[in-house]
Amino acid sequence: MSLGPGRKRLSSSRLAILAEGAFGVETAKTASSAVRYQPERVSSVIDSRFADSTVGEALGFGGDIPIVATFAEALATEPRPEALLVGIAPQGGQLPEAWRAVLETALEEGLDIISGLHFFLCDDPELAALADRHGCTLFDLRKPPPDLPVGAGRAMETDAFRVLTVGTDCNTGKMTVSLELQRALRARGVRAGFAATGQTGILIAGTGIAVDAVVSDFISGAAERLTLEAARGEDGEGVDIVLVEGQGSLMHPGYSGVTHGLLHGTLPQAMILTWMPSRPRIYGGNHSWVVLPELDEVIRRYEDALAWACPDVPGRVIGVSLATYDIGEDEARAAVRHAREVTGLPATDPIRFGTAPLADAILHARDSHRRFATPT
């Protein structure tokens, strides 16, 4: 469905999150990100494995949000939830059959449903009929708009400095570092916009396009549209920097296509590379045969993929963002040092050690670009 009329409800409604058997940072990215960035909205999380504990105990962040065993318990939580969020986005994006009954009950209780699955709830006759009967809305975060263009390089028309996050692999923190950098730059008085390109980013921002659900011919056009919209700013007054949430990875045999589309639709003037040091191979059993190259080689491949489209001022990788939540403090600091030594670039884990090196790098790159672009 279109997110326009329902944007306020999408971005502000009180949530119960369904994550049965899967609640965790990697296994339920949508759920854990909602907890990290909008904890005030989350009424409860449903996962019977952690029942009677809190989100903070399960994840290490999120505070005292309760984890319950059943939807009935979630519904009884005060204040009462207004929407049920499907908190996972598994490979293939299908609705677990065991969850259908929960969704039906939620609609019967008058709750909207928010889903980032590739399976579109609004296309399911039974769920759509229930939603209509009870006056509820089905928000399919991944459903793309019908009028996307083919990319035509229009991102270069904006005056905003364009930064795209790219990854060594999927699920390495591209959305996280984008949001953290937006927060950090705004704290410095910089007008920074965020372009959401995935279901979780759309949930948080209230708008966006999930580019992995877009027909391949139009991925770059979707990225182009998002970049232009983010550059205009929420108030229409324009922003100074646009942070575009990356997807997939050029290194990933399954998802490299969406990454190419983002590169060529956004035409970024700078890139931030995300890396998970504990992962020497591509994430997921289906692709574990792919050994990831060293960081400097990954950077070369991203810059080569972009250079032909921007021959005058090709975008460069200007920093490395690490995800180190699954390793100890000493190992994390060693990984940051390794990234700096191998690439010669600023590096940090934005959650563990802060964003300052990457925010500094973006501002320096923006200022350098302006000096280069301004005739003398």
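Whatever comes next refers back to the structure up there.
Residues numbered from 1 in each chain as written. Predicted model: local features only at pLDDT ≥ 70, side-chain atom pairs only at ≥ 80, totals over all residues. Heavy atoms only, no water.

A. Spatial organisation of the sheet that holds strand β12 (residues 347-348). Here we have 6 strands laid out as an open sheet, ordered β8-β9-β7-β10-β11-β12, and parallel in their pairing. Every interior strand has two partners, whereas the edge strands, β8 (192-195) and β12, have only one. Strand direction decides the pairing type here: strand β7 (residues 161-167) and strand β9 (residues 241-244), joined by 4 bridges, are parallel. Paired with L164 across the strands is V244, a residue of β9. Its contacts with the sheet put helix α7 (residues 174-187) on β7, β8, β9, β10 (270-275) and β11 (316-322), and the angle it makes with β8 is roughly 160 degrees. (Pairing = 2+ DSSP bridges. Helix = DSSP H or I, 4+ residues; strand = E, 2+ residues; numbered from the N terminus. Contact = heavy atoms within 4.5 Å. Axes fitted to C-alpha atoms, helices over the stretch in contact; angles between N-to-C directions.)

B. Structural context of the side chain of S53. With respect to the helices and strands, the residue S53 is situated in the loop between β2 (42-46) and α3 (55-59). The exposure class of S53 is buried, given its relative accessible area of 19%. Looking at S53, its side chain comes within polar contact range of the main-chain oxygen of F50, at 2.4 Å. Excluding its chain neighbours within four sequence positions, the residues that come into contact with S53 are I65, P66 and I67. (Buried < 20%, exposed > 50% of the residue type's maximum accessible area, 1.4 Å probe, protein only. Polar contact = N/O pair within 3.5 Å; in protein donor to acceptor, adjacent residues only side chain to side chain.)

C. Layout of the packing of aromatic side chains. Taken as a whole and assessed by the stated rule, the structure comprises 0 aromatic pairs. Residue placement shows R36 over the ring face of F61; its charged tip is 3.9 Å from the ring centre. (Phe/Tyr/Trp six-rings, centres within 6.5 Å; stacked < 30°, edge-to-face > 60°. Lys NZ or Arg CZ within 6 Å of the ring centre and 35° of its normal.)

D. Summary view of the sheet that holds strand β1 (residues 15-18). Taken together, the 6 strands give an open sheet; going across it, the order is β3-β2-β1-β4-β5-β6, and neighbouring strands pair in parallel fashion. Each of the sheet's edge strands pairs with one partner strand only, and the pair in question is β3 (67-68) and β6 (138-140). Here strand β5 (residues 112-115) pairs with β6 via 3 bridges, running parallel. Residue pairing in the sheet places I114 in a bridge with F139 of β6.

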